[in-house]
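Given next are the chains, with one letter for each unit.
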Amino acid sequence: MKEKFSLKDELFNTAKVQKIAREIKAVYPDFDQKEFEFNIVEQFPNLELKERMYHIRDMLAGYLPRDYKEAVDILLKALPSELNTNKYDNDFGDFIYASYSEYIATFGCNREVLYFSFQALREITKRFSVEFAMRDFINTYPEETFQMLELCSLSDNYHERRLASEALRPKLPWAKKINTEYDKAILILDNIFYDKARYVTRSVANHLNDISKIDEALVIATLKRWKASEKQNNKEMEYIITHALRTLIKQGNEKALLLLGYKKDPNILLSDLAFYQDEVPLGESLIFDFAIEAKEDCDLLVDYIIHFKTKSGKTSPKVHKIKKLSLKAGDSIKISKKHPFKANMSTRKLYFGEHKIELQINGVCYAANTFVLNG
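This section reports on the structure supplied with the text. (Residues numbered from 1 in each chain as written. Predicted model: local features only at pLDDT ≥ 70, side-chain atom pairs only at ≥ 80, totals over all residues. Heavy atoms only, no water.)

1. Some details on the packing of aromatic side chains
To keep things clear, this is the line we draw: When the centres of two rings from Phe, Tyr and Trp lie within 6.5 Å, Trp using its six-membered ring, the rings pair. Their planes under 30 degrees apart give stacked, over 60 give edge-to-face, and anything left gives tilted. Numbered from the N terminus, helices here are DSSP runs of H or I no shorter than four residues, and strands are runs of E no shorter than two. The classification of residues rests on relative accessible area computed with a 1.4 Å probe and restricted to protein chains. Under 20% of the type maximum is buried, over 50% is exposed, and intermediate values are partly exposed.
This structure, assessed with the given rule, holds 20 aromatic pairs. Relative to Phe128, the ring of Phe95 lies with its centre 4.8 Å away and its plane at 50°, an arrangement referred to as tilted. Of this pair, Phe95 sits in the loop between helix 5 (68–78) and helix 6 (98–107) while Phe128 sits in the loop between helix 7 (114–124) and helix 8 (131–140), and the two are 33 residues apart along the sequence. Like Phe128, Phe95 is buried.

Written out as structure tokens, the structure reads:
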């Protein structure tokens, strides 16, 4: 039987602990490498992912010099080479170094060493992004940290430029909440929306998607302004707009749809809609098909929404993409879709009972049906 994947074991394991221990020992001969490794790994079976990160942080405090600057200097000297600055995307580095930035957030978020800590974080982020650790600085020293991130947005290193956006995201997953004005970050995003690295522009788009859940008007106005500036090439600007508006599009927001070129009520005829099951056994698929005929030239965004039954008995909607279409007047197309209901899904726990499915085109529901998920 195939062993179940464990993210915490993938990111924090014996080999990775031994790696950082060797690197520290190489620059700090007094470091008790073996005891450090043992005291960390011994506790791993009892700890979840972020707990392992904090445990390493605490062990660093116990085995490095008590003087903060001296300890951080050792960590910086022990860092591996910077990540490849010629890459375009997906250059995340090794999560094990997140413990270093947590060490700085825990012991160096104070006025006396503030700018020393900032510089250290800028070095570490070239090996693994430090956006989680930055949240403490944003909350404690908002003006100073904003100025530091503004400098990062102008850096030659795209890891620093990405950090300028990622650290200030108002709804950053896994991260502490920040007590700062979400709209102020637009000043920083203005510096990097025309970046050449997808690693940066994806963060910009994710940042705007976060803001869209708070202030949709600001996001739409910002995207229009960026597009009109022509600073970013058309293909990448289209990517940013599409990715930034994904939540609003799923909600059928008319202004977001128009910005992407989709008319709210296109002149189309939906026909031959067929749902082939009233009941779907767990492990099998829901199958449906339909036809679309265009009465005018139109661009269509075709989705379906499944309202999953939850543990409480209520439902939770999830939008799924089918395809984007460009049809001429008189064109027609037949579309078939199969949605699997897999047991042991990692992203959602499935519950038996009645579910609902809706067919959505350009943000408008055109048809709906119910089915029962059973064992």
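We are not done yet, so read on.
2. Regarding the pattern of salt bridges
The criterion, for reference: Within this document, salt bridges are pairs made up of a side-chain nitrogen of Lys or Arg and a carboxyl oxygen of Asp or Glu, the two lying within 4 Å of each other.
Counted according to the given criterion, the structure contains 24 salt bridges. Notably, a salt bridge pairs Glu143 with Lys184, separated by 3.1 Å at the nearest N-O pair. Highlighted residues: Glu143 in helix 9 (residues 142–153) and Lys184 in the loop between helix 10 (158–166) and helix 11 (186–192), separated in sequence by 41 residues. When the shortest N-O distance is used, the salt bridge between Lys356 and Glu358 registers 3.9 Å. Look at Lys356 and you get partly exposed, because its relative accessible area is 34%.

3. With respect to the sheet that holds strand 4 (residues 298–309)
The strands making up a sheet associate through hydrogen bonds between their backbones, and the pairing can be parallel or antiparallel. The line we're drawing: Any two strands with at least two DSSP bridges between them are considered paired. Axis lines are fitted through C-alpha atoms, for helices just across the contact stretch, and the angle between N-to-C directions can take any value from 0 to 180 degrees.
Taken in spatial order, the five strands line up as 2-8-7-4-5 in an open sheet, and their pairing is mixed. The sheet is open, and its two borders are formed by strand 2 (279–281) and strand 5 (315–327), each paired with just one other strand. Along the sheet, successive strands turn relative to each other by an average axial angle of 25°, direction set aside.

4. Description of the sheet that holds strand 3 (residues 285–294)
With antiparallel pairing, the three strands of this open sheet are ordered in space as 1-3-6. With partners counted over all chains shown, the strands left at the sheet margins are strand 1 (268–275) and strand 6 (332–340), one partner each. Taking each pair of neighbouring strands and ignoring which way they run, the sheet shows an average axis angle of 20°. In this structure, strand 1 lies alongside strand 3, joined through six bridges in antiparallel fashion. Opposite Ser271, over in strand 3, you have Ala291 as the bridge partner.

5. Describing the side chain of Ser155
Here is the rule: The contact definition used throughout considers only heavy atoms, calling two residues in contact when any of these lie within 4.5 Å.
Position of Ser155 relative to the elements: it lies in the loop between helix 9 and helix 10. The class for Ser155 is buried, based on a relative accessible area of 12%. Apart from the residues lying within four places of it in its own chain, the contact partners of Ser155 are Arg122, Glu160 and Arg161.

6. Regarding the side chain of Ser285
Structurally, Ser285 can be placed in strand 3. Beyond its immediate chain neighbours, meaning those up to four positions away, Ser285 contacts Gln277, Val280, Lys338, His339 and Pro340.

7. Things to note about unusual backbone geometry
A positive phi angle is found at Trp174, which is not glycine, with a value near 75°. In this fold, Trp174 is placed in the loop between helix 10 and helix 11. Positioned with a positive phi, Glu230 is a non-glycine residue whose angle comes to about 60°. The topology assignment puts Glu230 in the loop between helix 13 (216–229) and helix 14 (234–244).

8. Quick notes on the pairing of strand 5
The side chains of a regular strand alternate, residue by residue, between the two faces of the sheet. One ladder, built from twelve bridges, connects strand 4 with strand 5; its direction is antiparallel. From the neighbouring strand, Val302 faces strand 5, where its bridge partner is Lys323. Following strand 4, the chain reverses through five residues before pairing antiparallel with strand 5; Gly313 in that reversal takes a positive phi of roughly 95°.

9. Some thoughts on the packing of helix 6 against helix 7
What counts here: Relative orientations are named as follows: roughly parallel for angles under 35 degrees, roughly antiparallel for angles over 145 degrees, roughly perpendicular for angles from 65 to 115 degrees, and oblique for any other angle. Under the convention adopted here, Pro, Cys and the residues Ala, Val, Leu, Ile, Met, Phe, Trp and Tyr are nonpolar, Asp, Glu, Lys and Arg are charged, and Gly plus all remaining residues are polar.
Two elements in contact, helix 6 and helix 7, have axes separated by 10 Å at closest approach and are oriented at 170°. Judged by the inter-axis angle, helix 6 sits roughly antiparallel to helix 7. Contacts from Tyr100, Ser101 and Ile104 in helix 6 reach Ser117, Ala120, Leu121 and Ile124 in helix 7. Of the residues contributing to the contact of helix 6 with helix 7, the split by class is five nonpolar, two polar and no charged.

Remember that the coordinates give geometry; whether it matters functionally is a separate question.
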